[in-house]
Amino acid sequence: MDFDKIIDRRGTHCAKWDMMEPLYGVTPEDGLAMWVADTDFPVPEAVSAKMREMADHGIYGYVNCEAQYKSAIQWWMESRHGWSVDADAIFTTTGLVNGVGMCLDTFTQPGDGIVLFTPVYHAFAKVIRLAGREVVECPMVQEDGAYKMDFDAYDAQMTGKEKMVILCSPHNPGGRVWTQDELSQVAAFCKRHDLMLISDEIHHDLVFGGRKHLPMAVAAPEISERLIMLTAPSKTFNFAGLHTGQVIIPDETLREQFRRRMMAIYLQGNTAGEFATIAAYSPDGAAYVEELVPYIEANKRLFDEAVNAIPGLQSMELQSTYLAWVDFSGTGMEREEFTRRVEQGARIAANHGTTFGTGGESFLRFNLGTQRARVEEACERLAKAFSDLQ
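Since we're looking at a predicted model, the values are computed, not measured.

About the criteria used
Residues numbered from 1 in each chain as written. Predicted model: local features only at pLDDT ≥ 70, side-chain atom pairs only at ≥ 80, totals over all residues. Heavy atoms only, no water. Axes fitted to C-alpha atoms, helices over the stretch in contact; angles between N-to-C directions. Helix = DSSP H or I, 4+ residues; strand = E, 2+ residues; numbered from the N terminus. Parallel < 35°, antiparallel > 145°, perpendicular 65-115°, else oblique. Left-handed = near helix turned anticlockwise from the far one by under 90°. Contact = heavy atoms within 4.5 Å. Nonpolar A, V, L, I, M, F, W, Y, C, P; charged D, E, K, R; others polar. Pairing = 2+ DSSP bridges. 1 Å grid on protein atoms, 1.4 Å probe; cavity = no way out; pocket = protein on both sides within 12 Å on 5 of 7 lines; lining within 4 Å. Points joined across faces, edges and corners; volume = space filled by probe spheres on them. Patch = residues over 30% accessible without salt bridge, like charges linked within 9 Å, V, L, I, M, F, W, Y side chains within 5 Å. Areas by Shrake-Rupley, 256 points an atom, 1.4 Å probe, with all protein chains shown as cover. Salt bridge = Lys/Arg side-chain N within 4 Å of Asp/Glu carboxyl O. Lys, Arg positive; Asp, Glu negative; His and termini not counted. Charge placed at Lys NZ, Arg CZ, Asp CG, Glu CD. Buried < 20%, exposed > 50% of the residue type's maximum accessible area, 1.4 Å probe, protein only. Phe/Tyr/Trp six-rings, centres within 6.5 Å; stacked < 30°, edge-to-face > 60°. Lys NZ or Arg CZ within 6 Å of the ring centre and 35° of its normal.

Q: Give a detailed account of the packing of helix α4 (residues 66-81) against helix α12 (residues 271-280), specifying residues and quantitative values.
A: Between α4 and α12, the least distance of the axes is 9 Å, while the angle of their chain directions is 40°. On the basis of the axis angle, α4 is oblique to α12. For the pair α4 and α12, the sense of crossing is left-handed. Where α4 approaches α12, its residues Q68, Y69, A72, I73 and W76 are matched on the opposing element by E274, T277, I278 and A280. Of the residues contributing to the contact of α4 with α12, the split by class is 6 nonpolar, 2 polar and 1 charged.

The structure is reproduced here in structure tokens:
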């Protein structure tokens, strides 16, 4: 793969590039889009070939590729993550935010408390509130520049109203790859307080530094009766626009509840997304990932070195994902000031840390899933925007 090749996404209805001006005041003509969590890389050739085959067929009627689709998911999870998945456990939603919404709808009631370890992916809180549930923020702490969970504090915080935890593993935006011990502590916390656990593992393939992602279903099989796993190929292979994610439910009783709810609204996957998943979860897709991960890791090293050289800025060590989490608190600036410098000075659109909940107030999130030249340009722009500190 030539990940260095610039692909111009402007004027293609691309949310990341064509929406940054109305949202951030950064024009696509002179700005850098580093906010929405998709990459600027083309999909693997195997996926493109499958899409061409589908288009050339010329008939887009009802299709049943369920057996092949589930088999591809099973192969990928077993071969890449050491996780044996029952085909009957796999359900398809229109992406993982939809999967979260379906879990809230199926397994909780309006007014229930839903626990988030913050800061965390902003869509969780949005969907929880829109569903009429209550967001219960359990702020994480920083130790040695990385996020850790404080279960003594969380135990004291629980009231009995809480019914579910949503875990981001690997963590977005902090990039943590949770250890066996940490995942076991999450599982024990859920058992102590009789909470269901939704484990969003969408970034599971993008792990750096010789680390290995550990699926919660493997780390804590003792909580299978209260566990829902969320996975998707969309972050790894950059086809989020095909809106295809998997809800994987180990427990048969929970499966039946979820199946009935899906049938009640007749929610089904889409053919293009399922065909793309079949093509991606293959040896060709694995070869793509083996090239992609070191490319993103090199982007991360370049970005961190440049950002950490600016007095007052600190990029959190990224163990996974392509989303750099930068703390501006050392500048002594108000949030409005450092945000203005990034958006209007550096002409970069980055996610505001406040949207990720408590603990994100002094941060911005930068998407490094782009060409090396753009990462280099972002580094130069940030250095110039904060040059008075150097």
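Q: Tell me what's going on with the sheet that holds strand β9 (residues 227-231), and back it up with residues and numbers.
A: Sheet architecture is open: 7 strands sit in the order β2-β10-β9-β8-β7-β3-β4, paired in mixed fashion. The strands lining the two open edges of the sheet, one partner per strand, are β2 (90-93) and β4 (134-139). For this sheet, the mean angle separating the axes of adjacent strands, direction not counted, is 25°. Here strand β3 (residues 113-118) runs beside β4; their pairing, made up of 6 bridges, is parallel. Paired with L116 across the two strands is E137, which belongs to β4. Strand contacts of helix α5 (residues 96-107): β2, β3, β7 (162-168), β8 (196-200), β9 and β10 (245-248), with the helix running at about 160° to β9, the strand carrying the most contacts.

Q: With reference to specific residues and values, describe the layout of surface pockets.
A: It is the rolling of a water-molecule-sized probe over the atoms that shows where space remains empty. Quantified by volume, the largest pocket comes out at close to 990 Å³. If you go around the largest pocket, you meet 37 residues; those closest to its centre are V36, A37, Y121, K235 and A240. Elements with a contribution of two residues or more to the lining of the largest pocket: α5, α6 (122-130), α10 (234-237) and β13 (348-352). Here the residues of the lining of the largest pocket are counted per class, giving 17 nonpolar, 14 polar and 6 charged. What the second largest pocket holds in volume is close to 610 Å³. Forming the walls of the second largest pocket are 20 residues, and the residues nearest its centre are E66, L267, Q268, G269 and E274. For the lining of the second largest pocket, the secondary-structure elements that each account for two or more residues are α4, β2, α11 (252-265) and α12. Of the residues assigned to the lining of the second largest pocket, the class counts are 9 nonpolar, 6 polar and 5 charged.

Q: Give a detailed account of the sheet that holds strand β1 (residues 32-34), specifying residues and quantitative values.
A: With respect to topology, 5 strands assemble into an open sheet ordered β1-β13-β14-β12-β11, the strand pairing being mixed. Two strands lie at the open edges of the sheet, namely β1 and β11 (314-315), each paired on one side alone. Pairing geometry for β13 and strand β14 (residues 363-367), over 2 bridges, is antiparallel. Paired with N351 across the bridge in β14 is R365. Each of β1, β13 and β14 is contacted by helix α15 (residues 372-385), which is oriented at about 100° to β1, the strand it contacts most.

Q: Help me get a handle on a negative patch on the surface, residues and values and all.
A: Where like charges cluster on the molecular surface, the negative patch consists of D2, D4, E376 and E380. Take E380: it is sitting in helix α15. On the basis of relative accessibility, which here comes to 52%, the residue E380 falls in the exposed class.

Q: I'd like to hear about the packing of aromatic side chains, residue by residue, with values.
A: Counting across every chain of the model gives 25 aromatic pairs. Summarising the aromatic geometry, the rings of Y121 and F124 are spaced 5.2 Å apart at their centres and angled 80° between planes, so their arrangement reads as edge-to-face. The rings of F3, F41, W75, W76, F237, F239, Y281, Y288 and Y295 are connected pair by pair, giving a single aromatic cluster. Between the NZ or CZ atom of R372 and the centre of the ring of Y295, over which it lies, the distance is 4.2 Å.

Bear in mind that shape data such as this cannot, by itself, settle questions of function.
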